[in-house]
Amino acid sequence: GINAEYGEIPENAPTSCPGPTSNNAGKLDGCAGCPNQKLCSSGEFKSDNSPAVVKEHLIGVKNKILVLSGKGGVGKSTVTAEIARGLAMQDFSVGVLDVDVCGPSLSRIMGVNGEAVHKSSSGWSPVYTLDDIAVMSIDFLLSSEEDAVIWRGAKKNGMIKEFLCSVDWGDLDYLIIDTPPGTSDEHLAIVSLFKQSKVTGAVLVTTPQEVALSDVRKELNFCRKLKIPVIGLVENMSTYTCSKCQTKSQIFPATSGGGAALAASENIPMICSLPLDPLVGRSGDNGLSVLNEAPDSGISNEYRTLVDHVVKFCQP
Amino acid sequence: TTEVFAGIASVKQILGVLSGKGGVGKSTTVAVIAFNLASRGFSVGVLDADLCGPSLSKMIGLKGNIHSCDQGWVPLSQPVGAGIISAVSLSYLVENQDQAVIWRGPKKTAMIKQFLQDVCWGELDFLLIDTPPGTTDEHMAVMECIPNCSVILTTSPQAVAAADVLRQVSFCKTTGANIVGIVETLSGFVCPNCSDCSLLFNQGGGKRLADHCKLEFLGSVPIDPNLAKHLDSGTLLENKDTCVSYLSYCEIVTKVLDILGVNCEPMQAEDGG
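Chemist: Let's hear about the overall build of chain B: which residues, and what values?
Modeler: When helices and strands are tallied, chain B shows nine helices and 12 strands. Principal-axis analysis of the C-alpha atoms gives chain B an extent of 60 × 45 × 40 Å. Classification of the 273 residues of chain B by burial places 63% in the buried group. Contacts spanning at least 24 positions in sequence make up 78% of the contacts within chain B whose residues lie at least 6 apart. Summing over all exposed atoms, chain B offers an accessible surface of approximately 10,300 Å²; the carbon and sulfur share of this is 50%. For chain B, the centre of its 18 positive side-chain charges and the centre of its 27 negative side-chain charges are spaced 8 Å apart.

Chemist: Describe the confidence of the model for chain A, naming the residues involved and giving the relevant values.
Modeler: Residues and elements named next belong to chain A. For chain A, the mean per-residue pLDDT works out to 90, and 96% of the residues sit at or above 70. Across chain A, the element-wise mean pLDDT spans from 84 in helix H1 (residues 37-41) up to 98 in strand S9 (residues 230-235). Of the regions scoring below 50 in pLDDT, residues 1-6 engages in eight contacts with residues more than four places distant in sequence or in other chains.

Chemist: Report on the sheet that holds strand S8 (residues 150-155) of chain B, specifying residues and quantitative values.
Modeler: All names here are of chain B. Judged by pairing direction, the sheet is mixed, and its eight strands sit side by side in the order S5-S6-S2-S7-S1-S8-S9-S12 without closing on themselves. At either margin of the open sheet sits one strand with a lone partner, and together these are strand S5 (76-80) and strand S12 (217-220). Shown here is a sheet whose adjacent strand axes are inclined to one another by a mean of 20 degrees, direction ignored. Looking at chain direction, strand S9 (residues 178-184) and S12 are connected through three bridges and run parallel. By the bridge assignment for S12, Glu184 is matched with Ser220. Packing of helix H6 (residues 205-213) onto the sheet brings it into contact with S8, S9 and S12, and relative to S9 it is tilted by some 155 degrees.

Chemist: Residue-level account of the pairing of strand S6 (residues 83-88) of chain B, with values.
Modeler: All names here are of chain B. By the criterion of burial, S6 is predominantly enclosed, with five of the six residues buried. Bridge analysis of S5 against S6 gives five bridges, and the strand direction is antiparallel. Looking at S6, one finds that Gln78 is bridged to Ile85. Hairpin connection between S5 and S6: a loop of two residues separates the two successive antiparallel strands, and Gly81 in this loop has a positive phi of roughly 60 degrees.

Chemist: I'd like a description of the pairing of S9(A), backed by residues and values.
Modeler: Residue and element names in this part refer to chain A. Most of S9 is tucked away: six of the six residues are buried. Pairing geometry for strand S8 (residues 201-206) and S9, over five bridges, is parallel. Within the sheet, the bridge partner assigned to Val205 lies in S9 and is Val234. At this point the chain moves from S8, through helix H7 (residues 210-225), to the parallel S9, and the crossover so formed is right-handed.

Chemist: Help me get a handle on helix H6 (residues 185-193) of chain A, residues and values and all.
Modeler: Within H6(A), eight of the nine residues are buried, which leaves the element mostly enclosed by the surrounding structure. Here H6(A) has its buried residues at A:Asp185, A:Glu186, A:His187, A:Leu188, A:Ala189, A:Ile190, A:Val191 and A:Leu193.

Chemist: Explain the interface of chain A and chain B to me, using residue names and the numbers behind them.
Modeler: Opposite the 58 residues of chain A that make contact, chain B presents 56 residues. Between chain A and chain B the total buried area reaches about 4,700 Å² when both faces are included, carbon and sulfur atoms providing 56% of it. Of all residues in chain A, A:Ile150, A:Arg152 and A:Lys218 bury the most surface against chain B, accounting for 13% of the area lost on that side. In this assembly, chain A and chain B are joined by six salt bridges. When the shortest N-O distance is used, the salt bridge between B:Asp137 and A:Arg152 registers 3.3 Å. Taken together, chain A and chain B are joined by 26 residue pairs in polar contact (both at pLDDT 80 or more). Put simply, the parts of the chain that give the side of chain A that touches chain B at least two residues each are helix H4 (106-109), helix H5 (153-165), H6, H7 and helix H9 (278-286) of chain A. The biggest single contributor to the side of chain A that touches chain B is H7(A), with nine residues. For the side of chain A that touches chain B, the class distribution of residues is 21 nonpolar, 20 polar and 17 charged.

Chemist: Please set out unusual backbone geometry residue by residue, giving values where relevant.
Modeler: All names here are of chain B. Located in the positive-phi region is Leu186, a residue other than glycine, with phi close to 55 degrees. Judged by relative accessible area, Leu186 falls into the buried class, the value being 15%. The backbone of Ser195 shows a phi angle near 60 degrees, a positive value even though the residue is not glycine. With respect to the helices and strands, Ser195 occurs in the loop between strand S10 (189-190) and strand S11 (197-198).

Chemist: Now, about the sheet that holds S8(A): what can you tell me, with residues and values included?
Modeler: Residue and element names in this part refer to chain A. One open sheet holds the eight strands; their spatial order is S5-S6-S2-S7-S1-S8-S9-S12, and the pairing between them is mixed. Since the sheet does not close on itself, it has two edges, and those belong to strand S5 (127-128) and strand S12 (270-273), each with one partner. Of the pairings in the sheet, the one linking strand S1 (residues 61-68) to S8 comprises four bridges and is parallel in character. The residue of S8 that forms the bridge with Leu66 is Ala202. Sitting on the sheet, H7 touches S1, S8 and S9, and the angle it makes with S8 is about 170 degrees. Across the sheet, helix H11 (residues 298-314) is in contact with S1, strand S7 (172-178), S8, S9 and S12; its angle to S12 comes to roughly 160 degrees.

Chemist: Describe the side chain of B:His230, and please don't skip the residues or the numbers.
Modeler: Residue placement: B:His230 occurs in helix H7 (residues 225-233). Among residues more than four places away in sequence, those in contact with B:His230 are B:Thr235, B:Leu236, B:Asn239, B:Thr242 and B:Cys243.

Chemist: Can you break down the packing of aromatic side chains residue by residue, with the values?
Modeler: Taken as a whole, this structure holds four aromatic pairs over all chains when the rule is applied. With a centroid separation of 5.2 Å and 85 degrees between ring planes, the pair formed by A:Phe92 and A:Tyr174 is classed as edge-to-face. Of this pair, A:Phe92 sits in the loop between helix H3 (76-89) and strand S2 (94-98) while A:Tyr174 sits in strand S7, and the two are 82 residues apart along the sequence. Exposure remark for A:Phe92: the relative accessible area of 27% places this residue in the partly exposed category. Where A:Tyr240 meets B:Phe189, the ring centres are 5.8 Å apart and the plane angle is 90 degrees; that geometry is what we call edge-to-face. Taken as a pair, A:Tyr240 in strand S10 (residues 240-241) and B:Phe189 in strand S10 lie in two separate chains rather than in one.

Chemist: Can you tell me about the packing of helix H1 (residues 26-39) of chain B against helix H9 (residues 244-260) of chain B, naming the residues and giving the values?
Modeler: Residues and elements named next belong to chain B. Contact geometry of H1 with H9 gives a least axis separation of 10 Å together with a crossing angle of 70 degrees. For the element pair H1 / H9, the angle class is roughly perpendicular. Contacts from Thr28, Thr29, Val32, Ile33, Phe35, Asn36, Leu37 and Ser39 in H1 reach Tyr246, Tyr249, Cys250, Val253 and Leu257 in H9.

Conventions we followed
Residues numbered from 1 in each chain as written. Chains lettered and ligands numbered in written order. Predicted model: local features only at pLDDT ≥ 70, side-chain atom pairs only at ≥ 80, totals over all residues. Heavy atoms only, no water. Helix = DSSP H or I, 4+ residues; strand = E, 2+ residues; numbered from the N terminus. Buried < 20%, exposed > 50% of the residue type's maximum accessible area, 1.4 Å probe, protein only. Contact = heavy atoms within 4.5 Å. Areas by Shrake-Rupley, 256 points an atom, 1.4 Å probe, with all protein chains shown as cover. Lys, Arg positive; Asp, Glu negative; His and termini not counted. Charge placed at Lys NZ, Arg CZ, Asp CG, Glu CD. pLDDT = per-residue confidence, 0-100. Pairing = 2+ DSSP bridges. Axes fitted to C-alpha atoms, helices over the stretch in contact; angles between N-to-C directions. Right-handed = clockwise from strand over helix to strand, strands pointing away. Buried area = accessible area lost by both parts, 1.4 Å probe. Salt bridge = Lys/Arg side-chain N within 4 Å of Asp/Glu carboxyl O. Polar contact = N/O pair within 3.5 Å; in protein donor to acceptor, adjacent residues only side chain to side chain. Nonpolar A, V, L, I, M, F, W, Y, C, P; charged D, E, K, R; others polar. Phe/Tyr/Trp six-rings, centres within 6.5 Å; stacked < 30°, edge-to-face > 60°. Parallel < 35°, antiparallel > 145°, perpendicular 65-115°, else oblique.

Structure, rendered in structure tokens:
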């Protein structure tokens, strides 16, 4: 195929070829008969200026944080929500964006499930929570909670671009982006769209099992390949302390040393270890925060450690 | 009419395990059901269609590289009880297991189709397909290749999980998949010391979802650290009887076989098996 990234002239092009990324691509007289003409004239190879548009639009957003995993169900959305709330409690202005278009959990966890967005001349307005956190998710755009989002990669990418370019985020200290598991179209879209505006850093979430760590190693590999700064690792669902007899149980045994071993071997900060607390599941389902429901609990202490770590990392 | 993919032409029953939600036991369910079916004497294939996070190969304890012969790729296989398990996963095709698979949709779609077309699955009683979370190109590829695929959906008891699975039900209905029923995993934890049962991931989501969608509720599986440990190390085969959740899965398999109209004992069962 044509390597159009640098506007190189294809081998099979006529001598008068203006280059596939030119505004005249496929349109000059000399282009007639060239096998690439149809694609060139459709603008297929024209440089995509989305990163510049994103940079322009998010100029008021100081820090952009990704919450990643690789593994599903380890608590990315939960951690995203609590980081956002923790930051808001420190009087920062915060927005959260859910780019998991297939499984948009964030709006329920943030307590704004079923809300609607409005469109104005400055774009879509995000939904604001009671503690003034701006939230955007595809959830607000679907007419029914039963609708499946059966989109191929390109359409998902288009949606993510809309979220970044057409939402009126305003001035934010932090924009935290919840992602789906894996390393695929959505992740590539985010990195590509942020090419000029730069991701401040990524928080990686895992559970203690090797099955999870294995996926997180891949995610770390992805971050390194695409030069995303790593803020650190959060181990979630670490230990359960029985409410009756206080016996500690490892629900997801750390057969290979858990998050701590992974962080050490990969030379990244081990930020905190969040215990498995039934309050989390209940709170998440009801759109409440453990930081509010149980501010003195062990898990809230760990979340505050996480938030402080993020703030410190982001300080210029 | 849809062409029947060569690789799966002699497979009697294909069963996909889907969810929509991540981390609610799809791979676990495929692995344990595969072991259970094989123990009953069935020949079982497992295909890991989760290309980014192929957990299944680790769980069933089969390691190695896949080779091709004249007819196509040969799955890794291992006798299990009176039956046999054969497996295909992207992890059997890559050298570096820590390498991220950063593929866009079309490449993933092509890989899934190859897994169904170019693998010599041979004569199997069952082919179980593990899927990634979401409704992705991988799911669409499976549904395109296997119209009217039978499907089990897994969820945890939380509303947050059930909400994603509700969307997956719509996806299945749109693609014509035959939903066998819903399995609720992570269904409570019994403290090994005082036997107090704690609802670590809330409760009720699976049954509510089944009722709402008028689907069969196949059963619930408790949280079982022992199972998690053996799946991590690939040692489930030798230790399945020590796992409290294995019994729950046995009951679920019996129910599934009943619904699918499959004889609980395979035709090729060995004598005295």
